[in-house]
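Chain residues, written in single-letter form:
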Amino acid sequence: MDRSHRHGRTGVSTCTVVNGLRVSRSGRIMQIAIFTGSASGHSPVFAEGVATLARTLAEQGIGIVYGGGNVGLMGIIATEALSHGGAVIGVIPGSLVDRELAHPDLTRLEIVETMHERKARMAELSDAFIALPGGTGTLEEFFEVWTWQQLGIHNKPVALYNVDGFWDPLIAMIYASVDAGFLRGVYRDALIISDNAQDLLNQLSIWKPAPQKWHAEISTDVVPLP
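Nothing here was measured: the structure is a model prediction, and the numbers come from that model.

Caption draft 1: Broad picture of empty space enclosed by the protein. Counted by the stated rule, this structure contains one cavity of 30 Å³ or more. Approximately 40 Å³ is the volume attributed to the largest cavity. What lines the largest cavity is simply Phe35, Lys119, Met122, Ala123, Glu141, Glu144 and Val145. Breaking the lining of the largest cavity down by element, the ones donating at least two residues are helix H4 (115-125) and helix H5 (136-151). A breakdown of the residues in the lining of the largest cavity according to their chemical character gives four nonpolar, no polar and three charged.

Caption draft 2: Quick look at the packing of aromatic side chains. Under the counting rule described, the total for this entry stands at six aromatic pairs. With 5.5 Å between their ring centres and 25° between their planes, Phe142 and Trp146 make a pair best called stacked. With Phe142 and Trp146 both in helix H5 and four residues apart, the pair spans about one turn of that helix. No difference in accessibility class separates Phe142 from Trp146, as the two residues are buried. Arranged with centres 6.5 Å apart and planes meeting at 40°, the rings of Phe143 and Trp146 form a pair that is tilted. Of this pair, Phe143 and Trp146 both sit in helix H5, separated by three residues, roughly a single helical turn.

Caption draft 3: Representation of helix H8 (residues 197-206) within the structure. Those residues of H8 not exposed but buried are Ala197, Leu200, Leu201 and Leu204. With its buried residues spanning 95° around the axis, H8 presents them on a single face. Tucked into the core, H8 has its buried residues touching strand E4 (31-35), helix H1 (44-59), strand E8 (128-131), strand E9 (158-161) and strand E10 (192-194). Capping the start of H8, Asn196 holds a side-chain oxygen 3.1 Å from the backbone nitrogen of Gln198, two or three residues further along.

Procedures and definitions
Going along each chain's sequence as written, the residues are numbered from 1 onward. At least 70 in pLDDT is required for a residue's local features to be given in this predicted model, at least 80 for side-chain atom pairs to be given and counted, and no such filter applies to totals for whole chains, interfaces and linings, which use all residues. Side-chain numbers come from the whole structure's heavy atoms, not from hydrogens or water. A 1.4 Å probe that fits into a set of points on a 1 Å grid over the protein atoms alone but cannot get out defines a cavity; an open set with protein on both sides within 12 Å along at least five of seven lines defines a pocket, and lining residues are those with an atom within 4 Å of a point. Grid points are joined across faces, edges and corners, and a volume is the space filled by probe spheres set on the points. Secondary structure counts use DSSP, requiring at least four H or I residues in a row for a helix and at least two E residues in a row for a strand, with both numbered from the N terminus. Classification used: nonpolar for Ala, Val, Leu, Ile, Met, Phe, Trp, Tyr, Cys and Pro, charged for Asp, Glu, Lys and Arg, polar for all others including Gly. Aromatic pairs are defined between Phe, Tyr and Trp rings, using the six-membered ring for Trp, whenever the two ring centres lie within 6.5 Å; interplanar angles under 30 degrees are classed as stacked, those over 60 as edge-to-face, and all others as tilted. Categorising residues by exposure relies on relative accessible area from a 1.4 Å probe, with only protein chains included: less than 20% of the type maximum marks a residue as buried, more than 50% marks it as exposed, and the intermediate range marks it as partly exposed. The arc in question is traced by the directions running from the helix axis to the C-beta atoms. A contact between two residues is defined here by any heavy atoms of the two lying within 4.5 Å. Here a polar contact means two N or O atoms within 3.5 Å. Within protein one must be a hydrogen donor candidate and the other an acceptor candidate, and residues neighboring in sequence count only if both atoms are side-chain atoms.

Pasting the structure below:
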């Protein structure tokens, strides 16, 4: 495999920038970061749900940015999107390429040095973020971009694709955090949640950001350290 930092076919189509997001001429988001597992899960419903999302994105001309792997749900979403004419950009550390985990047929594969660079590059390339079923890596990626949203580090929507109720325990924890006073309701409400691929994209298209954390309009009982 070519070990250059960026290689592959031509990337996603040109677009305009509106409020910091790349959008098509029709006003739609152009590229979405996908966080999901390197395993497929025990139930086939997870693969089926991921494949449905991949087809929906491809059919609507929305490119995928993901971790570049060819295993588990990661491999399924990339292969399914590519088979339906979608554009897929992978970002992967060189150490994982060496283990032959990289997908061989992506629109473009970017090879970086570290996991930190991988996440930063995926965030840079993407206009929105969707977490699909996955393990600790998926959780870590989701919480990071959602926290960045709250802090105003980016102004992009974050979503949970709740295939077969997979995220229900996490959603319950988020509500419990609001009830206990550790999370503002406006940030919970800014998180998009759906078990339907098309509904998920519909919500992404009309999303409005919540006020940034520590913004003057948001009162809080928490006092930051000096």
